[in-house]
Every structure is written in structure tokens, then in C-alpha cells.
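# Understanding the architecture of this molecule
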Amino acid sequence: MTVGTNSAPGVATAAEERFRDAPEPPAAAADGLCGVPPQAVDSARARGAGPAARPVRADRTAAAAPATGFGPGPGPGFAVDPDCLPDGLVVADATGRVVCFNAAAARITALAPEQALGAPIERALPLEDLEGRRWWALTDPYGGLATRRGQPERNLLLPGGREVLVSASYIRTHPTGPVRRLVVTLRGTEARRRTERSHAELIATVAHELRSPLTSVKGFTATLLAKWERFTDDQKRLMLETVDADANRVTRLITELLDISRIDSGRLEVRRQPVDIATAVGRHVQALTANGQAPERFLVSISRPLPDLWADPDKIDQILGNLLENAVRHGEGTVTIGVSPHEKGTAVTVSDEGPGIPEESMARVFTRFWRGSKRGGTGLGLYIVKGIVEAHGGTITVGRGPGGGAEFRFILPVSAPAYLTQ
């Protein structure tokens, strides 16, 4: 059996036009159907599949493709083995018996193709809806309304309670004729569940992070408006400074969310300018000491001469700010910042002398919502840092530093704006 590549994104839809009015190929072409050995096909015929178990051709003029490879040349007649499709494909004939059961369907259902071929579709795929009702009895593709063209994708259950995404298309000889082929596609729900879970975690994190500063802002502004005359100038200043800090926190979170959106969609813009990375490091260290950190806690090592660095200065500040804040908040001892030339550009290392990151957590450091400790934060900073570094064409790694703590090292390549290289 062969299916055209044009049907791969939506087999159930594209196959409808291809199957309609197509002549049946010779019975001999059924050998090796869907990658199943010829003896399995013969066994299916013996169980009652009969002549209707012949494979379906993807194109009227396309020869049957071998079960282990592709059909003839690219173009409209190009055919592909159903076992190469990423989704499960199950095709039943006019009598409701399975004539195609590809490798993905076998993997999803845990049923061997030779057991499914020739069997009634309701036995090969004993699907139930989420309320425990038998799906084939509800939909009745062969005896239901003659105007129906199929079933939209929905969540159904296999025996054992495993959830799958199922869609179906009814292939008829004419709009209201009997069903000649029933084409069913199957897809696992794991990837969709992971995406939904990630979105739910993001919403929960954002709601939690926004609620605290907004509550503070609302409380202080309401108090000032109601009792302005009762407070001294110093008390008013303290309240307004708190409101300002919380407003900055909200702004920073919104910026992080926008960055995540741009990184995920590949729309993160990098506006390259000459950047003095050593000066940028010094500026961040000064800001941390001005906020109360001891100057002797920081050790800056610059190896010169450094290559010219063309990068987005705001994005570089964002990288350095995240890495240094993590080292100060989650690490201990001296925070060492090293800047040195590298064969690919400029290398920057940030390390501390704290407990470090457990080996089993190293692979998850740059994922969303990973937190090295319970000292606050959204768990989005390092995910954004990785996205920014990669948008510059660079790489970032994490390991254990000389002092035993965490060590982050990113490398930015030597580059220049397009107008200077053309």
C-alpha cells in the first residue's frame, strides 16, 4: 500500500480525493502491505479480509511502492511507505475490515500489524470516549448519515485507559454513497499534554509573581491617598520607593514574558553594536555593590587583548544581570567574573563558591521554571539567557567552578552587522 506524500500532514483529508473512484490494483500488489510480511497478509485474507483487503493506491498512475522504501521519483506521483508516517494510520475497507495498519499505529496501540490486518475495525481499535462509551457505536461510520465526511480530532481511550488523539475520514464513491474506505489517524497525547502543562505552569507562575507586587502597590497608594496628611515626608518617601520597586518588578516580569514569547517563536531581534564587555561587567559589579553587596565579594579578571565584540548591548546587560544576580542570590563566597579571548570570539565566565548545582540537575538548568533554590525568582531567567546567547550565535554551558560552586560560561562569536561585511 502506498500513500502520497501530499497526504502526510492530514492523511484523512487528502486521502479522500485520492481514493475516490480509484481502480483497485492487482491482488498481487498486496504482498508486503504496510510493511507487513506477505505471510501476515495471507493470514489476514484467510480470516475473511477477502479481495477487499487489497492495498489502496495513492495515485491512479502510481505503481505500488515497495514496503521497505519509497515509490518512484518526487512529484505528484511520489509515494511513501505508510510505516514512514509519523502518525498512526489505519484504513478499513467497505466491509469494515482493516487493510492497513502502519508501524506508528502499532506503536501507539501496542497491537502487532498482523493481528490487526483483516480484523474488524472496532476490534482492532476498541476505542471509547472519555465517558466510557464505545466510539464506533456512537459514530457508526458505515450505517450512519450518508452526508457525513468524517470525525474531527478528539481525545479517546484505548484499552487500559491510554489516551490518544483520533480523527477519521469517510471515503465515498459519491457524496451520499456508501463508505468505501474508512481512514483513521492516531496520535499520542504526550506532547500536547506537556505543552498544556507548560502553559498552565507559566500562567500560575505569572499570576503568583504579579499578585505580590500589585498588592503592595495597591495597598501603599490607597493608604497614601486616604491618609496623606498623617505621614511625614520620610514615611511618604519610603512608601513611594516601595511602590517604585514593585512597579519595576512587574515591568521586569512582563519583559521576561515578552522575551520568552519572542524566543519560542524565533522572533528575538538582535541589534548589533560595538560592545565593551569589560566595561559592562564593571558596571554591573558597581550596581551590585551600590545595592549593599561587599566590594570584596567580587573578583573580576580581564585577559586582554579582547576581540571586537558586536552584540546587542541591552541583551548583553540582561545576560550579565541574570548570571550575576543568580551567583549573588544562590551562591556563596567570592563571585568571580572572567573575560577572555576565545578561538570563536569572547568567553565570559561567572562562578561562585557555593554548594553548586547537583549533577542530576545540570541538564535542566536552562529549562523553564528551573530554580536552584527556594530563594525566589520565576525560574525563567536562565531560559532567557540561553535564548539570547543562541540568538547571537553563541553557546552557554554550566558546570562546577574551581571553588566548588556553579560556573556559567558563555561564548559570543566575532561578528559584525551585515552592512559592514557586504
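Now for a look at the structure at hand. (Residues numbered from 1 in each chain as written. Predicted model: local features only at pLDDT ≥ 70, side-chain atom pairs only at ≥ 80, totals over all residues. Heavy atoms only, no water.)

## So, the sheet that holds strand β14 (residues 406–413)
What links the strands of a sheet is backbone hydrogen bonding, and the strands pair in either a parallel or an antiparallel sense. In spatial order, the strands read β9-β11-β12-β14-β13; together these 5 strands make up an open sheet with mixed pairing. Since the sheet does not close on itself, it has two edges, and those belong to β9 (298–302) and β13 (395–400), each with one partner. Taking each pair of neighbouring strands and ignoring which way they run, the sheet shows an average axis angle of 15 degrees. Across 6 bridges, β13 lies against β14 in antiparallel orientation. Within β14, the residue paired with Arg400 across the bridge is Ala406. Most of the contacts of helix α9 (residues 277–290) go to β9, to which it runs at about 175 degrees, and overall it touches β9, β11 (335–342) and β12 (345–351). (Pairing = 2+ DSSP bridges. Helix = DSSP H or I, 4+ residues; strand = E, 2+ residues; numbered from the N terminus. Axes fitted to C-alpha atoms, helices over the stretch in contact; angles between N-to-C directions. Contact = heavy atoms within 4.5 Å.)

## So, unusual backbone geometry
Leaving glycine out, the prevailing phi sign among residues is negative, and the prevailing peptide bond configuration is trans. Omega for the peptide link from Arg304 to Pro305 comes to 0 degrees, which places this bond in the cis form. Its location among the elements puts Pro305 in the loop between β9 and β10 (310–311). In this structure, Ala110 is a non-glycine residue whose phi angle is positive, near 60 degrees. With respect to the helices and strands, Ala110 occurs in the loop between α3 (103–109) and α4 (113–116). According to the relative accessible area criterion, Ala110 is exposed, its value standing at 71%. Of note in this structure, Asp140 is not a glycine but carries a positive phi near 45 degrees. As for its placement among the helices and strands, Asp140 is situated in the loop between α6 (135–139) and β5 (150–157). The exposure class of Asp140 is partly exposed, given its relative accessible area of 34%. (Buried < 20%, exposed > 50% of the residue type's maximum accessible area, 1.4 Å probe, protein only.)

## Digging into helix α8 (residues 233–265)
In an α-helix there are 3.6 residues to a turn, and that puts residues three or four apart on one side. Look at α8: 48 Å from first C-alpha to last across 33 residues, which is about the 48 Å you get at 1.5 Å a residue. Here α8 has its buried residues at Lys236, Met239, Val243, Asp246, Val250, Leu253, Glu256, Asp259, Ile260 and Ile263. Against the buried residues of α8 lie α7 (190–227), α10 (313–330) and α11 (381–391). Just downstream of α8 lies Gly266, where phi reads positive at about 70 degrees. (Expected span 1.5 Å × (residues − 1).)

## Brief notes about the nonpolar core
Counting residues in hydrophobic clusters, the biggest one holds 45 residues, and the most contacted among them are Phe408 and Phe410. Counting residues per element, this core draws most heavily on α10, at 7 residues. Contacts of Phe410, omitting those with residues within four sequence positions, involve Ile319, Leu320, Leu323, Thr346, Ala347, Val348, Val389, Thr395 and Ile396. With 25 residues, the next largest nonpolar core counts Val90, Leu127, Trp136 and Leu182 among its residues. (Core = buried A, V, L, I, M, F, W, Y, C linked by side-chain atoms within 4.5 Å.)

## So, α7
Taking 1.5 Å of rise per residue, 38 residues should cover 56 Å, and α7 covers 55 Å from first to last C-alpha, within 8% of that figure. Where α7 is buried, its residues meet α8.

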